[in-house]
Amino acid sequence: MTSGESAHDNTPTEKATAERDAVHDSPIVRTGDVVQTEPAMDMNDTTTSEKIDGIVAQTRADHAADGHDRIIAVLKQRLDQAGIEMSDDEIVQLAKD
């Protein structure tokens, strides 16, 4: 060992770790200041109609045993959360179909 080197410099584990980190370097992980809160690319552009169909199908599946009134209430909530405005009559009709 030469002067200035520690007993831990270039051990096989440290060398393997450095090589692995160099191969798998990720700017998001490394910088610590970048946080991805949304998909990098929105590959599934859905129409409002498709969103409504999905919300209705999921609500029916989740609350089929809870009755018609519960389905209406949950549809109102989920459509509101999705930013989709519909009249009460339209929501009642969706719950019936």
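Please refer to the structure higher up on the page.
So, how was this worked out
- Per chain, residues are indexed from 1 in the order of the written sequence.
- Restriction of local features to residues with pLDDT of at least 70 applies here, the model being predicted, together with a cutoff of 80 or more for giving and counting side-chain atom pairs; totals for whole chains, interfaces and linings are based on all residues.
- Each side-chain value is worked out from all heavy atoms of the structure, with water and hydrogens disregarded.
- The helix and strand labels rest on DSSP assignments: H or I over at least four residues marks a helix, E over at least two residues marks a strand, and numbering proceeds from the N terminus.
- The contact definition used throughout considers only heavy atoms, calling two residues in contact when any of these lie within 4.5 Å.
- In this analysis, the expected span of each helix is defined as 1.5 Å times one less than the number of residues it contains.
- Partly exposed residues are those whose accessible area sits between 20% and 50% of the maximum for their type, while under 20% is buried and over 50% is exposed, using a 1.4 Å probe and protein chains only.
- Think of the arc as the fan of directions from the helix axis to the C-beta atoms.
- Buried residues of nine kinds, namely Ala, Val, Leu, Ile, Met, Phe, Trp, Tyr and Cys, make up a nonpolar core once their side-chain atoms join them within 4.5 Å.
- One speaks of a salt bridge when a side-chain nitrogen belonging to Lys or Arg is within 4 Å of a carboxyl oxygen belonging to Asp or Glu.

Enquirer: What is the right way to read the side chain of His63 from this model?
Expert: Along the chain, His63 falls in helix α3 (residues 48–63). If sequence neighbours within four positions are ignored, His63 has contacts with Arg70, Ile71, Val74 and Arg78.

Enquirer: Looking at this model, I keep getting lost on α3. Mind explaining?
Expert: Note that an α-helix has 3.6 residues per turn; residues three or four places apart therefore point the same way. Compared with the 22 Å implied by 1.5 Å per residue over 16 residues, the 22 Å span of α3 between its first and last C-alpha is a close match. Along α3, the residues that are buried comprise Ile52, Ile55, Val56, Thr59 and His63. Seen along its axis, α3 keeps its buried residues to an arc of 100°; they face one direction. As for α3, its buried residues are in contact with α4 (68–81) and α5 (88–96).

Enquirer: Teacher, can you tell me more about the environment of Asp69 here?
Expert: By secondary structure assignment, the location of Asp69 is in helix α4. It is 8.8 Å that separates the C-alpha atoms of Asp69 and Val92, two residues lying 23 residues apart in sequence.

Enquirer: Would you mind going over α5 with me for this structure?
Expert: Within α5 the residues assigned to the buried category are Ile91, Leu94 and Ala95. The arc that holds the buried residues of α5, viewed along the axis, is 100°, so those residues lie on one side. Facing away from the buried surface of α5 by more than 90 degrees, the exposed residues are Asp89 and Lys96.

Enquirer: Help me understand the nonpolar core, please; the structure alone is not making it clear to me.
Expert: Proteins that are soluble and globular tend to have nonpolar side chains buried together. In terms of nonpolar packing, the biggest core is built from 11 residues, these being Ile52, Ile55, Val56, Ile71, Ile72, Leu75, Leu79, Ile84, Ile91, Leu94 and Ala95. Put simply, the parts of the chain that give this core at least two residues each are α3, α4 and α5. Considering each element in turn, this core owes the most residues, four residues, to α4. For Ile91, the residues in contact, after removing those within four places along its chain, are Ile72, Leu75, Lys76, Leu79 and Met86.

Enquirer: Sorry, what's going on with the environment of Arg70 here?
Expert: Relative to the helices and strands, Arg70 resides in helix α4. Separated by 25 residues in sequence, Arg70 and Ala95 have C-alpha atoms that sit 9.6 Å apart.

Enquirer: Would you explain the pattern of salt bridges in this entry?
Expert: Pairs can form between side chains of opposite charge whenever their charged atoms are close. Within this structure, the stated rule accounts for two salt bridges. In this structure, Arg78 engages Asp62 in a salt bridge whose closest nitrogen and oxygen atoms are separated by 2.9 Å. Of this pair, Arg78 sits in helix α4 while Asp62 is found in helix α3, placing the two residues 16 residues apart along the sequence. With a relative accessible area of 24%, Arg78 lands in the partly exposed category. On the basis of relative accessible area, Asp62 is assigned to the partly exposed category, the value being 38%. The salt bridge partner of Asp88 is Lys76, with a shortest N-O separation of 3.4 Å. In this pair, Asp88 is assigned in helix α5 and Lys76 in helix α4, connecting sequence segments 12 residues apart.

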